[in-house]
Amino acid sequence: MNKNKFSTPAIYSTKMKELLRANDGARRLKSIHFSPSSQEDIEYVAEIQVFNRELYNPNSQTTVANGVLDRRLGTSDKSAVCETCGGKLADCAGHFGFIKLELPVFNIGFFKAILHALQCLCKSCAKVMIPEGEERTAMLRKLRSGRMESLQKATLIKSVYDKCRKVTKCPWCGAGNGIVKKVGIMKVVHERYRTNTGKSKSELIDEGELFRSSLSNALSVNQELKLHINKAQDDITPLRALELFKRASEEDCELLGLEVPECKLENYLWTSIPVPPSCIRPSVQMTLEGGSNEDDLTIKLSEIVYTNLIIRDALEKG
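A quick note: this is a predicted structure, and the numbers were derived from the prediction, not measured. (Residues numbered from 1 in each chain as written. Predicted model: local features only at pLDDT ≥ 70, side-chain atom pairs only at ≥ 80, totals over all residues. Heavy atoms only, no water.)

Even after reading the chapter, I still don't get the sheet that holds strand 1 (residues 46-49), so can you show me in this structure?
Working definition: the strands of a sheet are paired by backbone hydrogen bonds and lie parallel or antiparallel to each other. Strand order in the open sheet made by the three strands is 1-2-6, with mixed pairing throughout. Looking at strand neighbours, the two that pair on one side only are strand 1 and strand 6 (269-275), the edges of this open sheet. Between one strand axis and the next, the sheet turns through 40° on average, direction left out of account. Summarising the sheet, strand 2 (residues 96-106) and strand 6 pair through six bridges and their orientation is antiparallel. Along strand 6, the bridge assignment pairs G97 with V275. Strand contacts of helix 10 (residues 296-316): strand 2 and strand 6, with the helix running at about 50° to strand 2, the strand carrying the most contacts. (Pairing = 2+ DSSP bridges. Helix = DSSP H or I, 4+ residues; strand = E, 2+ residues; numbered from the N terminus. Axes fitted to C-alpha atoms, helices over the stretch in contact; angles between N-to-C directions. Contact = heavy atoms within 4.5 Å.)

Next comes the structure, spelled out in structure tokens:
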């Protein structure tokens, strides 16, 4: 067994593991910080990378290596032995694996926070759209003071969101910004090309007018485009959102209510997902038929691996 890793199925942050390891766990913990697990943390606590969609070898009916039922993840069979720690079902709590995703995906648990962050950040320069000045400095001072109650902090963060939602021109780079909203299932669009009513052209560059003028030749050929041109939206894919979040500065993350550097915006998206131990998704052996019924979570993880392989193949083929 690798003694540098925990055998428990819980995902600990790197800082907590270092603290527990410092004096064999004898040091008293004063507090625990909860934050989304980063890709590094998920891969650090994992024993193996899962990339095989098959569950069993067809001839021997043994579990496939680097599959979601790999014996190194523990076992749900009383007669089997874990290949990581050598323990049986009663002794081994199981071990985590991970699936490295070919493309990032939005984490449904943080989807509201993702929309909040995308609304506040400029979609061109990735800065919170509150200009440098006394107001921004005062907000940062309050957030860094450590004396704010949770309700006061939530109210301040909401005021940052409300101010950024009204901004149509980034004060840092001058790019046009509109409303960010959810459409459909886990899809995010940016209404960048909407008409900016109530603003004169001398006060604000209308991104919608520039967009429509760039399509003037196409409109002259196809008049039907006029029915759809005002509905044009800018898609924000998980890949684009991840790129924006990585470019956001620590100061901007603080304005969004994050405790830096422990918590980062990019942790709101999945780039690697944990594979839980086999013992919490047990296989039910079918003695008469000689097969097994698999847990729904096992089946879903296998489907994710299969879809991941399809995406990898498509990317390699261009």
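Next comes the rest of the write-up.
Please clarify how the nonpolar core should be interpreted in this entry.
Burial of nonpolar side chains together is a common tendency in soluble globular proteins. Counting residues in each nonpolar core, the largest one holds 39 residues, and the members touching the most others are L118, V128, V188, F245 and L265. Elements with a contribution of two residues or more to this core: helix 3 (111-120), helix 4 (134-145), helix 5 (150-165), helix 8 (238-247) and helix 9 (250-255). Here this core takes six residues from helix 3, the largest share from any one element. For V188, the residues in contact, after removing those within four places along its chain, are F106, F111, L115, L118, V180, K181, D235 and I236. Among the nonpolar cores identified, the runner-up in size contains twelve residues, and I48, V68, L69 and L101 belong to it. (Core = buried A, V, L, I, M, F, W, Y, C linked by side-chain atoms within 4.5 Å. Buried < 20%, exposed > 50% of the residue type's maximum accessible area, 1.4 Å probe, protein only.)

Would you mind showing me how to read the layout of surface pockets here?
A water-sized probe, rolled over the atoms, reveals where empty space remains. Counted as a void, the second largest pocket has a volume near 360 Å³. What lines the second largest pocket is a set of 17 residues, among which K112, A113, H116, A117 and I157 lie closest to the centre. Where the lining of the second largest pocket is concerned, the elements lending two or more residues are helix 3, helix 5 and strand 3 (180-182). Element by element, the count of residues in the lining of the second largest pocket is highest for helix 3, at six residues. The residue makeup of the lining of the second largest pocket, split by class, is eleven nonpolar, three polar and three charged. (1 Å grid on protein atoms, 1.4 Å probe; cavity = no way out; pocket = protein on both sides within 12 Å on 5 of 7 lines; lining within 4 Å. Points joined across faces, edges and corners; volume = space filled by probe spheres on them. Nonpolar A, V, L, I, M, F, W, Y, C, P; charged D, E, K, R; others polar.)

Honestly, helix 5 in this entry has me stumped. Any pointers?
Since one α-helical turn is 3.6 residues long, residues separated by three or four positions face the same way. Its 16 residues give helix 5 an end-to-end C-alpha distance of 22 Å, which sits within 8% of 22 Å, the value for a rise of 1.5 Å per residue. Among the residues of helix 5, those classed as buried are L156, I157, V160 and C164. Considered in projection along helix 5, the buried side chains sweep an arc of 95° and stay on one side of the axis. For helix 5, the exposed residues lying more than 90 degrees away from the buried face are L151 and K158. Contact partners of the buried residues in helix 5: helix 3, helix 4 and helix 9. (Expected span 1.5 Å × (residues − 1). Arc of directions from axis to C-beta.)

How do you make sense of unusual backbone geometry when you look at a structure like this?
Trans peptide bonds make up the majority, and among non-glycine residues the majority have a negative phi. A cis amide bond links V260 with the next residue in sequence, P261, at an omega value of 0°. Here P261 shows up in the loop between helix 9 and strand 6. Even without a glycine there, the phi angle at N66 is positive, about 60°. Following the sequence through the fold, N66 ends up in the loop between strand 1 and strand 2.

Which parts of the structure should I look at to understand the pairing of strand 2?
Remember that side chains alternate between the two faces of the sheet whenever the strand is regular. Bridge analysis of strand 1 against strand 2 gives three bridges, and the strand direction is parallel. Note on strand 2: the bridge partner recorded for A46 is F96.

I would appreciate a short explanation of the pattern of salt bridges in the present structure.
Note on pairing: side chains with opposite charge can pair once their charged atoms come close. Applying the stated criterion to the full structure yields 14 salt bridges. Between D252 and K127 there is a salt bridge, with its nearest N and O atoms 3.8 Å apart. One end of the pair, D252, is in helix 9; the other, K127, is in the loop between helix 3 and helix 4, and 125 residues separate them in sequence. For D252, a relative accessible area of 1% translates into the label buried. Relative accessible area serves as the criterion here: at 24%, K127 is assigned to the partly exposed category. K317 is paired through a salt bridge with D313; the nearest N and O atoms lie 3.3 Å apart. For K317, a relative accessible area of 67% corresponds to the exposed category. If you follow the salt bridges from partner to partner, you end up with K127, R136, E251 and D252 in one network. (Salt bridge = Lys/Arg side-chain N within 4 Å of Asp/Glu carboxyl O.)

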